[in-house]
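Given next are the chains, with one letter for each unit.
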Amino acid sequence: MANKKKVCVIGAGPCGMAALFNFAKLKSDNDVEVVCYEKQKNWGGLWNYTWRTGTDGYGEPCHAGMYKHLWSNGPKECLEFPDYTFEKHFGKAIPSFPPRLVLKDYLEGRWTSNVDLKPYIRFSTVVRHVEYNEMDKKFRVETTDLETYQSSKETFDYVIVATGIFNVPNVPDFPGLDEFEGRVQHAHNFRDAKEFKGQRLLIVGASYSAEDLALQCLKFGAKSVVCTWRTKPMGFNWPKGIEERPLVQKFEEKTAHFKDGSSAEIDAVILCTGYKYSFPFMDGKLCLQSSLSLFPDNLYKGSVYLLGGDNKLFYMGIQDQYYTFTMFDVQALWVCKYILGKIEPKSPSEMKANAHKWCQKRSELKNCHDDIDFQTEFIADLSKGVGYFPDATKAREIFHTWEHDKEKNIVTYRDQCFTSIFTGTKSPGHTAPWWQAMDDSIKAFVNTK
Ligand code: FAD
Ligand code: NA7
């Protein structure tokens, strides 16, 4: 019998769990042994809400920038698993934009439906270092058990990095911010919008976090919000209380001065300035270098790393995300089948040329609608090889409509109802519009009109 392949998965968030789920379905006990290291006590990645900021209970950097009142910012119909629908999980159709607890519950339902994935995972174990030995063509993975502080080394044939891309904040500085007389924090440390009740906020950034935190804070009682942009404003039809201004230039006591010469008195600053790709545990040339991108360089099929590890190192969930859970799932299926030898291997030059072609396409994207089409094509390309998604174009249409809904009214886009691609059921409306829905428990959300 051929030697068993040993696979290391780093991270038990939605991506790592997708890898474990697909391995559990596909492998036989004789062909592969899979070990997943997860530094938190539980699975779920950044869907694990915690009050903590800075360091976690083990003194390690806090992973998740999840906040208490987060509701999905994309329609659930675009992240629904073909084999495990929301209707199946909740026993009924539910609205299209669920709060975080509903999404986490749904994910956990899939991870426990007819599979037992916990035995694969070594919880509370952080990966400190991964290197590749050119002599025996294997990876050495060094870990620390955070309960006992025991370190160990293990050898693997394959490594899948699934540690997420939104956990190390990008924190720019601005003149006068040190002396600013109010609270300053990055979105990664934002937990509860109620803390800003009655305050005048300045939000730096013009992307998803800026958009959602501005709306949340106003919804929960902030007095006013100024969003300040560097390249271009978000340009939504904002409700009274939110406005946009060109980039803040300096702070003096409680005054923020903007590029257009205007100024505003503010009480607190939230930097919604994005995240940095960070894989400090990856040795030298194994470490993927990229900034946020729909298709980072040097990855065949967006997954196989081409600059080290002899095509046995994979990065998952490394793409900027319109699609999430289904993209991770098809990527996981592809990677599992590749490792199990069920996908025809390509030569290094073919893989390089293919990756280059995608990066070239990526460089031609002009707006969010192009981005959606591009990511749909990426998913369709992976699906083709493994027979996953029956019709990716249906999710694409939902995403285009969602973008138009946001343009029309940024406050009401979450009140729209979409139709499940897999069950054909149109989602019901929530009992209250999102702007007035203050209870984000599962019970309140599932109890529909
Ligand atoms: P993560 O969820 O980040 O999981 C990575 C895992 O790796 C974590 O469990 C972490 O503890 C572990 N890990 C990291 N380093 C190590 C190490 N060295 N050793 C061992 N373990 C390690 N997506 C949506 O679909 N809908 C939304 O509404 C939505 N909202 C979001 C809101 C915020 C604030 C952010 C930041 C992202 C949001 N996303 C949303 C996107 C999110 O990226 C995905 O939903 C998903 O969580 C990504 O899964 P992942 O497994 O790649 O990464
Ligand atoms: P993004 O999407 O990476 O956006 C970061 C924003 O921060 C973007 O508008 C940037 O402006 C802005 N930025 C970055 N650096 C600076 C500086 N130095 N000065 C001013 N503005 C800056 O991150 P998000 O957190 O919004 O979203 C990431 C994920 O988290 C997403 O999936 C969400 O669902 C949650 P730019 O446009 O580049 O000029």
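What counts, and where the lines are drawn
Residues numbered from 1 in each chain as written. Chains lettered and ligands numbered in written order. Predicted model: local features only at pLDDT ≥ 70, side-chain atom pairs only at ≥ 80, totals over all residues. Heavy atoms only, no water. Near = heavy atom within 4 Å. Polar contact = N/O pair within 3.5 Å; in protein donor to acceptor, adjacent residues only side chain to side chain. Areas by Shrake-Rupley, 256 points an atom, 1.4 Å probe, with all protein chains shown as cover. Helix = DSSP H or I, 4+ residues; strand = E, 2+ residues; numbered from the N terminus. Pairing = 2+ DSSP bridges. Axes fitted to C-alpha atoms, helices over the stretch in contact; angles between N-to-C directions. Right-handed = clockwise from strand over helix to strand, strands pointing away. Domains from an automatic or database assignment. Contact = heavy atoms within 4.5 Å. Buried area = accessible area lost by both parts, 1.4 Å probe. Salt bridge = Lys/Arg side-chain N within 4 Å of Asp/Glu carboxyl O. Left-handed = near helix turned anticlockwise from the far one by under 90°. Nonpolar A, V, L, I, M, F, W, Y, C, P; charged D, E, K, R; others polar. Expected span 1.5 Å × (residues − 1). Buried < 20%, exposed > 50% of the residue type's maximum accessible area, 1.4 Å probe, protein only.

Any chance you could break down the site of ligand 1 for me, citing the residues and the numbers?
Taken together, 31 residues sit near ligand 1, with Cys-15, Glu-38, His-63, Gln-321 and Thr-324 positioned nearest. A distance of 2.9 Å separates an oxygen atom of ligand 1 from a polar backbone atom of Leu-46. Burial of ligand 1 by the protein amounts to 93% of the accessible area it has alone, namely 990 Å². When contributions to the shell around ligand 1 are tallied by element, the ones reaching two or more residues are helix 1 (14–26), strand 4 (125–133) and helix 5 (325–339). If you tally residues by element for the shell around ligand 1, the top one is strand 4, at 3 residues.

Before we move on, can you summarise the sheet that holds strand 6 (residues 150–156) with the specific residues and values?
Taking strand neighbours across the sheet as the criterion, the 3 strands line up as 4-5-6 in an open arrangement whose pairing is antiparallel. Edge positions in the open sheet fall to strand 4 and strand 6, since each of these has one partner strand only. Ignoring which end each strand starts from, the neighbouring axes of this sheet average 20 degrees apart. Pairing geometry for strand 4 and strand 5 (residues 138–145), over 8 bridges, is antiparallel. Residue Tyr-132 lies in a different strand from strand 5, and its bridge partner there is Phe-139.

Explain the pairing of strand 10 (residues 224–229) to me, using residue names and the numbers behind them.
Summarising the sheet, strand 9 (residues 200–204) and strand 10 pair through 5 bridges and their orientation is parallel. Bridge pairing in strand 10 links Ile-203 to Cys-227. Following the chain from strand 9 across helix 4 (residues 208–219) to the adjacent parallel strand 10, one finds a crossover that is right-handed. Across 5 bridges, the pairing between strand 10 and strand 11 (residues 242–246) is parallel. Counted as the bridge partner of Val-226 is Glu-243 from strand 11.

Let's hear about the domain arrangement of the protein: which residues, and what values?
Each domain of the protein was delimited in the assignment, giving domain 1 (5–167 + 275–400) and domain 2 (171–271). In this structure, domain 1 and domain 2 have C-alpha centres spaced 32 Å apart. On the side of domain 2, 14 residues touch domain 1, which itself brings 20 residues to the contact. Buried surface at the junction of domain 1 and domain 2, both sides included, amounts to about 1,300 Å², of which 48% is carbon and sulfur. A per-residue breakdown of the area domain 1 buries against domain 2 is headed by Tyr-67, His-69 and Tyr-275, which together make up 45% of the total. Our enumeration of links across domain 1 and domain 2 arrives at 1 salt bridge.

Give a description of the packing of helix 5 against helix 7 (residues 368–386) that names residues and reports values.
Their axes nearest at 9 Å, the elements helix 5 and helix 7 cross at an angle of 35 degrees. The hand of the helix 5/helix 7 crossing is left-handed. From helix 5, Met-327, Val-330, Gln-331, Leu-333, Trp-334 and Lys-337 reach across to helix 7, where they touch Gln-375, Phe-378, Ile-379, Leu-382, Ser-383 and Val-386. A per-class count over the contact of helix 5 with helix 7 returns 8 nonpolar, 3 polar and 1 charged.

Give me the lowdown on helix 7, citing residues and values where you can.
Between its first and last C-alpha, helix 7 extends 27 Å over 19 residues, near the 27 Å set by a 1.5 Å rise per residue. Turning to helix 7, its buried residues number three or more, namely His-369, Asp-371, Ile-372, Phe-374, Gln-375, Thr-376, Phe-378, Ile-379, Asp-381, Leu-382, Ser-383 and Val-386. Buried positions along helix 7 lie against helix 5, helix 6 (348–362) and helix 8 (392–408). If you check the start of helix 7, you find a side-chain oxygen 3.0 Å away from the backbone N of His-369, and it comes from Asn-367. Once helix 7 ends, the next one or two residues include Gly-387, with phi positive near 65 degrees.

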